[in-house]
Amino acid sequence: MRAFIVKSYGKKEKLHLTELPEPMVKENEVLVQIYSAGVNSLDSLIRNGDFKLFLPYKPPFINGHDMAGVVTNVGSKVSKFKIGDEVYSRVGDHKIGTFAEYIAVNEADLALKPKNITMDEAASVPLVGLTAWQALVETGNVKKGQKVFIQAGSGGVGTFAIQLAKHLGAYVATTTSATNADWVKKLGADLIIDYKTEDFEAILKDYDLVIHSNRDAKILEKSFRILKAGGQLISLVGPPTPEFAEEIGLPWYLKLVMKLLSAGAKKKAKKAKAAFRFLFMRAEGKQLANITSLIEAGVIKPVIDKLFVFEQTNEAMAYVESGRAKGKVVVKMK
Ligand SMILES: NC(=O)c1ccc[n+]([C@@H]2O[C@H](COP(=O)([O-])OP(=O)(O)OC[C@H]3O[C@@H](n4cnc5c(N)ncnc54)[C@H](OP(=O)(O)O)[C@@H]3O)[C@@H](O)[C@H]2O)c1
């Protein structure tokens, strides 16, 4: 099969198109012929080597986290999927490799693809959909009437999270630039702030939850100040916390590093009488099945900006890295 591999880590490194054997399935795995693969900034961070400390992939390895496709083989203990099923997944950490024609996926990380959307649309969903679910439902426990601030409403996570937060009954504020304001409003956002001309801190007050996704330290600081007492800030970009290190079983010294890295944010949270949590989303087929239901019910619609053909996977990653994508970017294998 053809696959795009990371030969060596580095920001300037390109993925290399290579011929590799089709993967074998273990007893709890499903072999999927990939029709489309979603592209995420995580793919670039992995290629750069930025996550080597806790996701130590050894080059050469196939990159890519999101995919949609058709089941072509199942392991002996697989019970939920059969040959011919249309499925999608954010594949598990340590098992990545969706920039390829086939992948073996643990059945626990897989869900049936929503019937009412294309393979391209389905491939765009898992990573951002699960991020939004884990932030708003699992961790944030968002309730009807709560005020939620979702940063970067026009991005992959933002476009999905706005729709999910509205479904949960929240009042949703978001930041975006003026050119995106109209279509982001149509996703359901109640309040749009033009981040280029307005200061969200001057507009927002007493929020229950902030989904923080901006790496500028000043944005993190301001985000704490718009929370009400008892509110929470869930960061998708860090700093990572010792609780996160514990969750994924990192050694004590990395826990210590994360304690030091997050000390400032924890202090600001304490001052705001709010909670600070770092979320690194994880693969989860059961949650993805809930997302399938929401998409089939018409509650959430994927937003795709650009489609690339498989051979243009590096160009697709570069487009995501530009930070200007309006929704999601997808690579088409078939
Ligand atoms: N921890 C996790 O599990 C996790 C999961 C998913 C994503 N993430 C991280 O979360 C961040 C967002 O991910 P994403 O996939 O949504 O990114 P993305 O799709 O690449 O975001 C691009 C969008 O962000 C908007 N944007 C850029 N700067 C902005 C600003 N200062 N204020 C408001 N909007 C701005 C851009 O709109 P304009 O063109 O109008 O500027 C563009 O539409 C990334 O850093 C990603 O690595 C983390």
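Values in this document were obtained by computation on a predicted structure and should not be read as measured data.

1. Describing the domain arrangement of the protein
And step 1. Per the domain assignment, the segments making up the protein are domain 1 (2-125 + 302-332) and domain 2 (128-278).
And step 2. Centre-to-centre, using C-alpha coordinates, domain 1 lies 26 Å away from domain 2.
And step 3. Each partner contributes residues to the interface: domain 1 has 13 residues there, and domain 2 has 18 residues.
And step 4. Carbon and sulfur atoms supply 65% of the area buried between domain 1 and domain 2, which totals about 1,000 Å² over both sides.
And step 5. Across the side of domain 1 that touches domain 2, the residue classes tally to six nonpolar, three polar and four charged.

2. Some words on the pairing of strand 6 (residues 86-90)
And step 1. Of all five residues making up strand 6, four are buried, and the element is well covered by its neighbours.
And step 2. Relative to strand 6, strand 5 (residues 66-74) is paired through five bridges, and the arrangement is antiparallel. Its bridge partner being in strand 6, Gly69 is matched across the sheet by Val87.
And step 3. The pairing of strand 6 with strand 8 (residues 110-112) spans three bridges and is antiparallel.

3. Some details on the sheet that holds strand 4 (residues 61-62)
And step 1. The antiparallel open sheet is built from three strands, whose spatial order is 2-1-4. Both outer strands of the open sheet, strand 2 (16-19) and strand 4, are each paired with one neighbouring strand and no more.
And step 2. Examined bridge by bridge, strand 1 (residues 2-6) and strand 2 share four bridges and lie antiparallel to one another. Within the sheet, the bridge partner assigned to Ile5 lies in strand 2 and is His16.

4. Overview of the packing of helix 1 (residues 41-48) against helix 11 (residues 313-321)
And step 1. Between helix 1 and helix 11, the shortest axis-to-axis distance is 9 Å and the interhelical angle comes to 105°. Taken together, the axis directions place helix 1 and helix 11 in an arrangement best described as roughly perpendicular. Residues Ser41, Asp43, Ser44 and Arg47 of helix 1 pack against Met317, Val320 and Glu321 of helix 11.
And step 2. Broken down by class, the residue content of the contact of helix 1 with helix 11 amounts to two nonpolar, two polar and three charged.

5. A word on empty space enclosed by the protein
And step 1. All chains considered together, the criterion is met by one cavity of 30 Å³ or more.
And step 2. As a volume, the largest cavity reaches approximately 40 Å³.
And step 3. Contributing to the lining of the largest cavity are Ser124, Val125, Val128, Gly156, Thr159, Phe160, Gln163, Lys301, Pro302, Val303 and Lys328.
And step 4. Along the lines of polarity and charge, the residues of the lining of the largest cavity split into five nonpolar, four polar and two charged.
And step 5. Residue contributions to the lining of the largest cavity reach at least three from each of two domains, namely domain 1 (2-125 + 302-332) and domain 2 (128-278).

6. Concerning the side chain of Ser44
And step 1. The topology assignment puts Ser44 in helix 1.
And step 2. Using a relative accessible area of 4% as the deciding quantity, one classes Ser44 as buried.
And step 3. The residues touching Ser44, leaving out its near neighbours within four places in the chain, are Met317 and Glu321.

7. A look at the layout of surface pockets
And step 1. Considering only enclosed or pocket space, the second largest pocket measures out at about 420 Å³ in volume.
And step 2. Only helix 3 (126-139), helix 8 (242-247) and strand 14 (275-278) provide two or more residues apiece to the lining of the second largest pocket.
And step 3. When its residues are assigned to classes, the lining of the second largest pocket shows ten nonpolar, four polar and six charged.
And step 4. Each of domain 1 (2-125 + 302-332) and domain 2 (128-278) accounts for three or more of the residues forming the lining of the second largest pocket.

8. A few points about the nonpolar core
And step 1. Ranked by size, the top nonpolar core spans 86 residues in total, and within it Tyr88, Leu136 and Ile291 carry the most contacts.
And step 2. Here the element with the most residues in this core is helix 3; it accounts for seven residues.
And step 3. Counting residues domain by domain, this core receives three or more from each of domain 1 (2-125 + 302-332) and domain 2 (128-278).
And step 4. Membership of the second largest hydrophobic core comes to 18 residues, among which are Phe149, Ala173, Leu233 and Ala274.

Scoring rules and cut-offs
- Residues numbered from 1 in each chain as written.
- Predicted model: local features only at pLDDT ≥ 70, side-chain atom pairs only at ≥ 80, totals over all residues.
- Heavy atoms only, no water.
- Domains from an automatic or database assignment.
- Contact = heavy atoms within 4.5 Å.
- Buried area = accessible area lost by both parts, 1.4 Å probe.
- Nonpolar A, V, L, I, M, F, W, Y, C, P; charged D, E, K, R; others polar.
- Buried < 20%, exposed > 50% of the residue type's maximum accessible area, 1.4 Å probe, protein only.
- Helix = DSSP H or I, 4+ residues; strand = E, 2+ residues; numbered from the N terminus.
- Pairing = 2+ DSSP bridges.
- Axes fitted to C-alpha atoms, helices over the stretch in contact; angles between N-to-C directions.
- Parallel < 35°, antiparallel > 145°, perpendicular 65-115°, else oblique.
- 1 Å grid on protein atoms, 1.4 Å probe; cavity = no way out; pocket = protein on both sides within 12 Å on 5 of 7 lines; lining within 4 Å.
- Points joined across faces, edges and corners; volume = space filled by probe spheres on them.
- Core = buried A, V, L, I, M, F, W, Y, C linked by side-chain atoms within 4.5 Å.

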